[in-house]
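This is what each chain is made of:
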Amino acid sequence: MPLPLAPLGIADKRLRTGQRMVPMKIRKAVFPVAGMGTRFLPATKAMPKEMLPVVDKPLIQYAVEEAHSSGIEQIVFVTGAGKAAIENHFDRSPDLEKTLAAKGKTALLEQIRRILPASGTIVYTRQQEPLGLGHAIWCARDVVGNEPFAVLLADDLIKSKTPVLSQMLKLWDRYQASIVAVEEVDPQLTSKYGILEPEIIDEEVIRILGMEEKPDPESAKSNLAIIGRYILTPEIFGLLGRRQYGAGGEIQLTDAMAALLKDQHFYGYRFDGIRFDCGDKAGFQMANIAFALDRPEIKRVVLPFLKNAYLSI
């Protein structure tokens, strides 16, 4: 399928060959991790919510692994106070490595070393005010620069054969336009999400005509909700920099994306996978069960327990 002409606001900033855009690669991914995680208190009083473990890996590691396996070259963490554990997790731990080596625990040693990114591929910047997701992404503007980028929210853990970001990057290669991952939600829960006004292209791809942050069910244009995977063009930074406050008194990413629709095409992508909302206590527990049952040594113990203790209720 030929690439479409670039939409207004981005075409003039890119090289062209004849009538075709020179494709741009997504090299950087932004991870907004400055939130306080109040829904998981007291567990998150002294530990970042992104470090909550699903089985034996913290949420943030699943998200970073998704980015790396999708070809992302640079990770940009937007942090806040009390997030040092995230930096430590993706850094060397000489004492731990020495202890594991001395005890002959080579498998564990290799496992923690695989966590480590190549030197210089992780950048940390700070969100000094809790002004919302849009503001957190704006804080990464100088690191990202004038190129398209991905955003991953670690709270949305997705179980899939092919990483969702990798699925979305194939769509980016086709359209060279902003993309958000979407899924249908309970129509009565639209006030928890950014909701699309859709134009259906096919089973997977949606042309977005409009979007609204947390609309009431009575006024929502659909029940197609944006979840925590985005591919965005750099023009979003200018809109976020206007510091316009929306739902909850915060700078909302959805509002800036809706404004960008005036100049650029936006697409929604129905991804292949099962999403767990790990910002919710029930969703977090379901993720732990689902991922635990993927591990044969755990499944042998857990599945009989679940059947005997709960499935008869």
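Residues numbered from 1 in each chain as written. Predicted model: local features only at pLDDT ≥ 70, side-chain atom pairs only at ≥ 80, totals over all residues. Heavy atoms only, no water.

A. A look at helix 10 (residues 281-292). Here helix 10 contains 12 residues, and its C-alpha end-to-end distance of 17 Å stays within 8% of the 16 Å for a straight helix at 1.5 Å per residue. For helix 10, the set of buried residues is Gly 283, Phe 284, Ala 287, Asn 288, Ala 290, Phe 291 and Ala 292. As for helix 10, its buried residues are in contact with strand 4 (53-54), helix 1 (59-69), strand 9 (156-159), strand 15 (274-277) and helix 11 (296-309). N-capping of helix 10 is provided by Asp 280, with a side-chain oxygen placed 3.0 Å from the backbone N of Ala 282. (Helix = DSSP H or I, 4+ residues; strand = E, 2+ residues; numbered from the N terminus. Expected span 1.5 Å × (residues − 1). Buried < 20%, exposed > 50% of the residue type's maximum accessible area, 1.4 Å probe, protein only. Contact = heavy atoms within 4.5 Å. Polar contact = N/O pair within 3.5 Å; in protein donor to acceptor, adjacent residues only side chain to side chain.)

B. Looking closely at helix 7 (residues 164-175). The end-to-end C-alpha separation of helix 7 is 17 Å, in line with the 16 Å expected for 12 residues at 1.5 Å each. The set of residues buried in helix 7 consists of Val 164, Leu 165, Ser 166, Gln 167, Met 168, Leu 169, Leu 171, Trp 172 and Tyr 175. In the segment just after helix 7, Gln 176 is the residue with positive phi, at about 50°.

C. Here's a closer look at the environment of Val 302. Mapped onto the elements of the fold, Val 302 is located in helix 11. For Val 302 and Leu 240, which are 62 residues apart along the polypeptide, the C-alpha to C-alpha distance reads 46 Å.

D. A look at the packing of aromatic side chains. In the structure shown here, the tally under the stated rule is 8 aromatic pairs. Relative to Phe 77, the ring of Phe 31 lies with its centre 5.5 Å away and its plane at 55°, an arrangement referred to as tilted. In this pair, Phe 31 sits in strand 3 (residues 28-32) while Phe 77 sits in strand 6 (residues 74-79), placing the two residues 46 residues apart along the sequence. Judged by relative accessible area, which is 0%, Phe 77 ranks as buried. Arg 141 extends its terminal NZ or CZ atom over the ring of Trp 138, reaching a point 3.6 Å from the ring centre. (Phe/Tyr/Trp six-rings, centres within 6.5 Å; stacked < 30°, edge-to-face > 60°. Lys NZ or Arg CZ within 6 Å of the ring centre and 35° of its normal.)

E. How the structure looks around unusual backbone geometry. Note that the residue after Leu 41, namely Pro 42, is joined by a cis bond; omega there is 5°. Among the secondary structure elements, Pro 42 is positioned in the loop between strand 3 and strand 4. One non-glycine residue, Val 55, lies in the positive phi region at around 65°. You can call Val 55 partly exposed: its relative accessible area is 25%.

F. Structural detail: the pairing of strand 10 (residues 178-184). Counting buried residues along strand 10, 6 of its 7 residues qualify, which places the element largely inside the surrounding structure. As paired strands, strand 10 and strand 14 (residues 266-270) are joined by 5 bridges and run parallel to one another. Bridge pairing links Ser 178 to Phe 266 in strand 14. The sheet contact formed by strand 10 and strand 13 (residues 224-232) spans 5 bridges and is antiparallel. Within strand 13, the residue paired with Val 182 across the bridge is Ile 226. (Pairing = 2+ DSSP bridges.)

Keep in mind that these numbers describe shape and distance, not what the molecule does.
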